[in-house]
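One letter stands for each residue in the lines below.
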Amino acid sequence: MQRILIQLDTDPLPSSFDRVVAIDAGVEQLFSYGGVTPQNVEPLVHGAMFTRKDLRFTALFIGGSDVTAGEAVLAKVLRTFFGPVRVSVMMDSNGSNTTAAAAVRAVARHLPLADVSAVILGGTGPVGLRAAQLLASQGATVRVASRSLDKAQAACQRLSRSVDAARLSAWETGSSAGLAAAVAGVNVIMGAGAAGAALISEDQWRAATGLCVAIDLNAVPPAGLAGIEPTDKGTERQGVICYGALGIGSAKMKIHAEAVRRLFTANDLVLDTEAIYQIASEIA
């Protein structure tokens with residue numbers, strides 16, 4: 001039987017990026033739907049559930065630029081399944097799960113995650129939240145930083161539902177003093193802000209005593225962490241190991257493709273943040 005992937009995208013036009021990765025991962029038939037919502041997804045899921053004898057060969061991929069919308073679609077998909085009548089599903093809206101997994105695996109190449117003290121600048125966005133979740137779940141101490149302390153506190157409260165709240169703290173970076181305090185004493189700085197958002201100057205992040213790893217996930221100029229090149233991939237800059245967005249991107253693509261391939265090994269997989277990280281830990 002041919003491997004069929006049904007792409008459920010919450011944007012009006014299904015992502016061409018996700019379609020290319022699916023084909024390169026060995027998908028033989030790709031059905032792409034845009035404008036998918038919790039209200040209209042059920043018949044698409046039923047079409048996957050009730051048409052083939054071996055459900056391993058049909059899978060769902062939830063994408064789109066809005067992570068909250070993708071989470072809502074995933075929740076509806078899981079409620080639509082019943083008993084053994086289900087297919088595997090992967091959720092990677094805005095590439096948030098695969099990017100966060102790749103970034104955390106980059107940290108793990110250089111430091112035991114249980115020994116990590118990290119600050120995530122722009123930590124209230126979709127990638128930042130997932131990177132914080134993964135780091136904390138592996139024993140790291142994580143500072144979730146935002147220009148707004150209220151947003152950082154809300155993010156920590158949300159994360160505490162899935163990880164030990166004692167490993168999380170909220171920090172504001174709206175002031176120079178707040179930013180300096182947020183990065184002081186950490187051994188990992190990760191920039192996960194919006195595209196083109198400058199988060200910290202090179203002098204400011206270099207002033208963080210004990211810093212070992214710096215990761216900037218912003219591929220759109222200007223850099224989130226000034227002084228880090230998008231192509232940096234384990235590049236040492238004055239004693240600090242640096243990764244840029246493209247340097248992380250090669251691992252992200254590998255993880256994304258492997259996760260799509262795994263969808264067709266069983267009919268009951270749910271590849272969310274933690275499950276995708278498990279795949280990443282095996283291959284990256």
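As the structure is a prediction and not an experimental result, all values here were calculated from the model.

Now for the sheet that holds strand S1 (residues 4-9). Read from one edge to the other, the open sheet built from five strands follows the order S2-S1-S3-S4-S12, with strand pairing classed as parallel. Bordering the open sheet on either side are strand S2 (29-33) and strand S12 (270-271), each of which pairs with just one other strand. One ladder, built from five bridges, connects S1 with S2; its direction is parallel. Bridging across to S2, Leu8 finds its partner in Tyr33. Lying over the sheet, helix H1 (residues 16-24) contacts S1, S2 and strand S3 (58-63), oriented at roughly 165 degrees with respect to S2. Across the sheet, helix H2 (residues 42-49) lies against S1, S2 and S3, angled at about 155 degrees from S3, the strand it touches most.

Of the two faces of strand S8 (residues 188-191), the one lined by Val188 and Met190 and the one lined by Ile189 and Gly191 are each fully buried. Bridging between strand S5 (residues 117-121) and S8 involves four bridges; their strand directions are parallel. Its bridge partner lying in S8, Ile120 is registered against Met190. When S8 meets strand S9 (residues 213-216), the two strands line up parallel, connected through four bridges. Across the sheet, the residue bridging to Gly191 is Asp216, located in S9.

So, on to the side chain of Arg130. Mapping Arg130 onto the fold places it in helix H5 (residues 126-137). Among the residues examined, Arg130 registers a relative accessible area of 5% and is labelled buried. Of note is the side chain of Arg130, whose polar atom sits 3.0 Å from the side chain of Asn97. For Arg130, the residues in contact, after removing those within four places along its chain, are Val67, Glu71, Met91, Ser96, Asn97, Ala100, Arg158 and Thr273.

Moving on to the packing of helix H4 (residues 96-108) against helix H9 (residues 245-262). Following both chains from N to C, one finds H4 and H9 inclined at 120 degrees, their axes separated by 8 Å at the closest point. The angle between H4 and H9 falls in the class oblique. Crossing handedness for the pair H4 and H9: right-handed. For the pair H4 and H9, contact is made by Thr98, Thr99, Ala101, Ala102, Ala103 and Ala106 and by Ile248, Ala251, Lys252, Ile255 and His256, respectively. Along the lines of polarity and charge, the residues of the contact of H4 with H9 split into seven nonpolar, three polar and one charged.

What follows concerns the sheet that holds S5. Spatial strand order, S7-S6-S5-S8-S9-S11-S10: seven strands in an open sheet with mixed pairing. Of all the strands in the sheet, the pair left with one neighbour each is strand S7 (168-172) and strand S10 (233-237). When strand polarity is set aside, the average angle formed by the axes of neighbouring strands in this sheet is 20 degrees. Across the sheet, helix H6 (residues 149-159) touches strand S6 (141-146) and S7, and the angle it forms with S7 is around 165 degrees.

In terms of domain boundaries, the chain breaks down into domain 1 (4-95 + 251-282) and domain 2 (103-248). Approximately 1000 Å² of surface area, both sides summed, lies buried where domain 1 meets domain 2, with 51% of it carried by carbon and sulfur atoms. Broken down residue by residue, the surface that domain 1 buries against domain 2 is led by Thr273, Glu274 and Tyr277, which jointly contribute 53%. Counting across the interface, domain 1 meets domain 2 through two salt bridges. Seen at the junction of domain 1 and domain 2, the total is six residue pairs in polar contact (both at pLDDT 80 or more). Where the side of domain 1 that touches domain 2 is concerned, the elements lending two or more residues are helix H3 (67-80), H9 and helix H10 (273-283). In terms of residues, the side of domain 1 that touches domain 2 owes the most to one element, H10, which gives five residues. Partitioned by chemical class, the residues of the side of domain 1 that touches domain 2 number five nonpolar, three polar and three charged.

Parameters at a glance
- Residues numbered from 1 in each chain as written.
- Predicted model: local features only at pLDDT ≥ 70, side-chain atom pairs only at ≥ 80, totals over all residues.
- Heavy atoms only, no water.
- Pairing = 2+ DSSP bridges.
- Helix = DSSP H or I, 4+ residues; strand = E, 2+ residues; numbered from the N terminus.
- Contact = heavy atoms within 4.5 Å.
- Axes fitted to C-alpha atoms, helices over the stretch in contact; angles between N-to-C directions.
- Buried < 20%, exposed > 50% of the residue type's maximum accessible area, 1.4 Å probe, protein only.
- Polar contact = N/O pair within 3.5 Å; in protein donor to acceptor, adjacent residues only side chain to side chain.
- Parallel < 35°, antiparallel > 145°, perpendicular 65-115°, else oblique.
- Left-handed = near helix turned anticlockwise from the far one by under 90°.
- Nonpolar A, V, L, I, M, F, W, Y, C, P; charged D, E, K, R; others polar.
- Domains from an automatic or database assignment.
- Buried area = accessible area lost by both parts, 1.4 Å probe.
- Salt bridge = Lys/Arg side-chain N within 4 Å of Asp/Glu carboxyl O.

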